[in-house]
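In case you want the letters, here they are:
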Amino acid sequence: MKRVYVNEEWCLGCHLCEYNCAFANSGMKDMATALKGKPIFPRIHIEGDEKISYAVSCRHCTDPICVKSCIAGAIARVDGVVTIDQNKCVGCLTCVLVCPYGALSPGESGVMQKCELCLKNSCGEPACVKGCPNRAIVYEERGEEW
Amino acid sequence: MVRQPMKEYVVIGNGVAAAGCIEGIRSMDSTSGITVVSEEKHAVYCRPLISYYLEHKTDLERMHYRSDDYYDKMGCKVLYGKKAVKVDDLLKKVVLDDGTVLPYTSVCIATGSSPFIPPFPGLETVKNRFSFMTIDDTLALEAAAGQESNVLIVGAGLIGLKCAEGLRDRVGSITVCDLADRVLSSILDAECAAMMQAHLEANGIQLMLGDTPARFEKNTAVMKSGRTVDFDVLVLAVGVRANTALVKEIGGEVNRGIIVNDRMETTVSGIYAAGDCTEGNDISCGQKRVLALLPNAYMQGKCAGVNMAGGNDVFDKAIPMNSIGFFGLHAMTAGSYYGKEQGGECYEEKTDKKLKRLFTKDGFLTGFILIGETERAGIYTSLIRERTPLDTINFELLKQLPTSAAFLTENRRKIFGGVI
């Protein structure tokens, strides 16, 4: 299965991935209308210190603790992709309490959101990868599957 | 998958631990029969969502834990409205209250817990009294509580206060009393509890702490302090007791819960247990504890199921943990808090609206309390769960901010560049 991976040596810390993510999931056609002057709620974020930076998004773990911990039965792993049913989520944040990578956060409505590899939105492939100016985020097959 | 001789699995209980058990069994054995004994006449549902139901944040349909065709897909037979009254470990049979006998190869006890009702004098004179544990409790409470109702909730723990939050916009007034001198006494220390208390009071919940009913006279509670509280609806949320009888009766080891090892085996051969009815290892303090939390219930159940079907799984990472919010203020807690006298240290950050306490001991993070700011708290939780030695990470950075930037480069590269 293809996943999103990060080359931290190449990340410039420009935060473009955050904007591309928020836009891809906004459902809008124009980036300026979607994002200008508004707080954004991306499903990927830049972390790091003065030396390095890198993008953090869901790792789509093979045995995800968020799925096992969700008190609303709203998170599931379907064909390798960890997805959330926002209609079932009540925003209790238990997934935030258990995710070891800090990959889930609440959206504007208070319901949780996470990277679903842009498979549910019109982008069709990860917008963060497509828009990364330095190929610091890639979408590819690595490692074994079960 | 290896073909195995047919087995008969019985799961007693139909909550989240049972679902974990079913899924654990089916990950190993796709053909043998599974019979689920469900006292409640409902398919598995998300029990912690009952307060969100009252708040209109979910509904009965969305509260289903699994899809409508779940039991069919899993090849399970569910016996609704039936109660297991005896497990015969010698003849390997479960006996139900209607006389039905279910033979088993292995059985999982996932009977959960029941509300503890203290013997308050005069309680029988109260007409509108409820517990708050099940969908049926919730629907009955909903029917009784009207816009003008004055509600008294006995118990300022997780259940009582979530009930108060769920009811607030539906009723006239809510008073919550507790014998403890603070709210959420099982998970918050005094200062953190005071912060949450102020927030609850600012949101219209009246609290009477250090006080509890001495007796009831119809719609009046006479408190230990001598004060009286008039109410229309009474909710008893004093505490819960693990349902341990089935194992206790046959001589299995039981303390406050059914004792299980890391494989979820009870001390009786062929009998497993999972969920709120058990007492397993809490690795944050190295002791056996009842950890009545949905994530642990699922993980225990899954582990039990795998082992029942001949696999070899352990669940040895259980810790207490809670994510709980009231009226927009969120608290997260995990692990054990050791004071100075016990050799622990505490790192603290505090403002009017936010509070962070990280508890460390012997070079490990053992627990935390976060109020108001909870982003990426799971990074802290995983340090407790994985018992990560703090000298292998940049803990000074982590104290201020939960971030994987504090991990060793090679570990971080594995996380963000590999399959995990």
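Heads up: the structure comes first, above all this text.
As a starting point, this report considers the structure included with it. Note that the coordinates shown come from a computational prediction; the quantities given were computed from them, not determined experimentally.

**A short note on the overall build of chain B**
Here's step 1: Within chain B, the secondary structure is distributed over 11 helices and 26 strands.
Here's step 2: A compact globule built from 420 residues would reach a C-alpha radius of gyration of about 22 Å, and chain B, at 23 Å, matches this within 12%.
Here's step 3: Counting only C-alpha atoms, chain B reaches 65 × 60 × 40 Å along its principal axes.
Here's step 4: Per-residue burial over chain B gives 45% buried out of 420 residues.
Here's step 5: Considering only residue pairs separated by 6 or more positions, chain B has 62% of its internal contacts joining residues 24 or more positions apart.

**Digging into the overall build of chain A**
Here's step 1: The number of helices and strands found in chain A is 5 helices and 8 strands.
Here's step 2: Reading chain A from its N terminus to its C terminus gives the helix and strand order β-α-α-β-β-α-β-β-α-β-β-α-β.
Here's step 3: For 146 residues, the compact-globule estimate of 2.2 N^0.38 gives 15 Å, and chain A sits close to it at 15 Å.
Here's step 4: Seen through its C-alpha atoms, chain A measures out along the principal axes to roughly 40 × 40 × 30 Å.
Here's step 5: Burial status across chain A gives 45% buried among its 146 residues.
Here's step 6: Pairs at least 24 residues apart make up 58% of the contacts formed inside chain A by residues separated by at least 6 positions.

**Looking at the sheet that holds strand β26 (residues 364–371) of chain B**
Residues and elements named next belong to chain B.
Here's step 1: Pairing is antiparallel in the open sheet, where 5 strands are placed in the order β22-β23-β26-β25-β24. The open sheet has two free edges, formed respectively by β22 (321–326) and β24 (344–350), since each of these has just one partner strand. Averaged over all pairs of adjacent strands, the angle between strand axes in this sheet comes to 15 degrees, irrespective of strand direction.
Here's step 2: Where strand β25 (residues 355–361) and β26 come together, 7 bridges link them in antiparallel fashion. By the bridge assignment for β26, Leu358 is matched with Phe368.
Here's step 3: Against the sheet, helix α6 (residues 190–202) contacts β22, β23 (329–335), β25 and β26, and its axis sits at roughly 20 degrees relative to β26.
Here's step 4: The strands that helix α9 (residues 377–385) touches are β22, β23, β25 and β26; relative to β26, the one it contacts most, it runs at about 150 degrees.

**Focus on the pairing of β22(B)**
Residues and elements named next belong to chain B.
Here's step 1: Across 6 bridges, the pairing between β22 and β23 is antiparallel. Among the inter-strand pairings, Met321 is bridged to a residue of β23, identified as Ala334.
Here's step 2: Taken together, β22 and the strand that follows it, β23, pair antiparallel across an intervening segment of 2 residues, in which Phe327 is found at a positive phi of about 50 degrees.

**Structural notes on α6(B)**
Residues and elements named next belong to chain B.
Here's step 1: Under the 1.5 Å per step criterion, the end-to-end length of α6 is 18 Å for 13 residues, consistent within 8% with the ideal 18 Å.
Here's step 2: Along α6, the residues classified as buried are Cys192, Ala193, Met195, Met196 and Leu200. The buried residues of α6 occupy an angular sector of 155 degrees when the element is viewed end-on, so they sit on one face. Facing away from the buried side of α6 by more than 90 degrees, the exposed set consists of Ala190, Glu201 and Ala202.
Here's step 3: Lining the buried residues of α6 we find α5 (158–167), β12 (205–209), β22, β23, β25 and β26.
Here's step 4: Among the residues trailing α6, Gly204 stands out with phi positive, at a value near 90 degrees.

**Some thoughts on the interface of chain B and chain A**
Here's step 1: In this assembly, 36 residues from chain B lie in contact with 33 residues from chain A.
Here's step 2: Elements with a minimum of two residues in the side of chain B that touches chain A: α8 (294–308), β22, β23, α9 and α11 (409–417) of chain B.
Here's step 3: For the side of chain B that touches chain A, the leading source of residues is α9(B), giving 5 residues.
Here's step 4: For the side of chain B that touches chain A, the class distribution of residues is 19 nonpolar, 12 polar and 5 charged.

**Details of the environment of B:Gly367**
All names here are of chain B.
Here's step 1: Examined against the element boundaries, Gly367 turns out to sit in strand β26.
Here's step 2: Spatially, the C-alpha atom of Gly367 lies 14 Å from that of Leu355, the residues being 12 residues apart in sequence.
Here's step 3: Contact partners of Gly367, with chain neighbours within four places excluded, come to Ser284, Ala334, Gly335, Ser336, Tyr337, Phe359 and Ile384.

**So, the pairing of β25(B)**
All names here are of chain B.
Here's step 1: Among the 7 residues in β25, 5 count as buried, and that is most of the element.
Here's step 2: In this sheet, β25 lies alongside β24 in antiparallel orientation, the contact comprising 7 bridges. In the sheet register, Glu345 faces β25, and the bridge partner there is Thr360.
Here's step 3: Once β24 ends, the chain turns through 4 residues before running back antiparallel as β25.
Here's step 4: The loop that links β25 with its antiparallel partner β26 comprises 2 residues; one of these, Asp362, has a positive phi angle of about 50 degrees.

**Comments concerning the packing of helix α1 (residues 16–26) of chain B against α8(B)**
All names here are of chain B.
Here's step 1: Packing of α1 against α8 brings their axes to within 6 Å, and their N-to-C directions diverge by 35 degrees. As α1 packs across α8, the resulting crossing turns out to be right-handed. Taking contact as the criterion, the partners of Val16, Ala17, Ala18, Ala19, Gly20, Cys21, Ile22, Glu23, Gly24 and Ile25 in α1 are, on α8, Leu294, Ala297, Tyr298, Met299, Gln300, Gly301, Lys302, Cys303, Ala304, Gly305, Val306 and Met308.
Here's step 2: A class-by-class count of the residues in the contact of α1 with α8 yields 15 nonpolar, 5 polar and 2 charged.

The rules behind each value
Residues numbered from 1 in each chain as written. Chains lettered and ligands numbered in written order. Predicted model: local features only at pLDDT ≥ 70, side-chain atom pairs only at ≥ 80, totals over all residues. Helix = DSSP H or I, 4+ residues; strand = E, 2+ residues; numbered from the N terminus. Rg over C-alpha atoms; globule rule 2.2 N^0.38 Å. Buried ≥ 20, exposed ≤ 12 C-beta atoms within 10 Å, placed from the backbone. Contact = placed C-beta atoms within 7 Å. Pairing = 2+ DSSP bridges. Axes fitted to C-alpha atoms, helices over the stretch in contact; angles between N-to-C directions. Expected span 1.5 Å × (residues − 1). Arc of directions from axis to C-beta. Nonpolar A, V, L, I, M, F, W, Y, C, P; charged D, E, K, R; others polar. Left-handed = near helix turned anticlockwise from the far one by under 90°.

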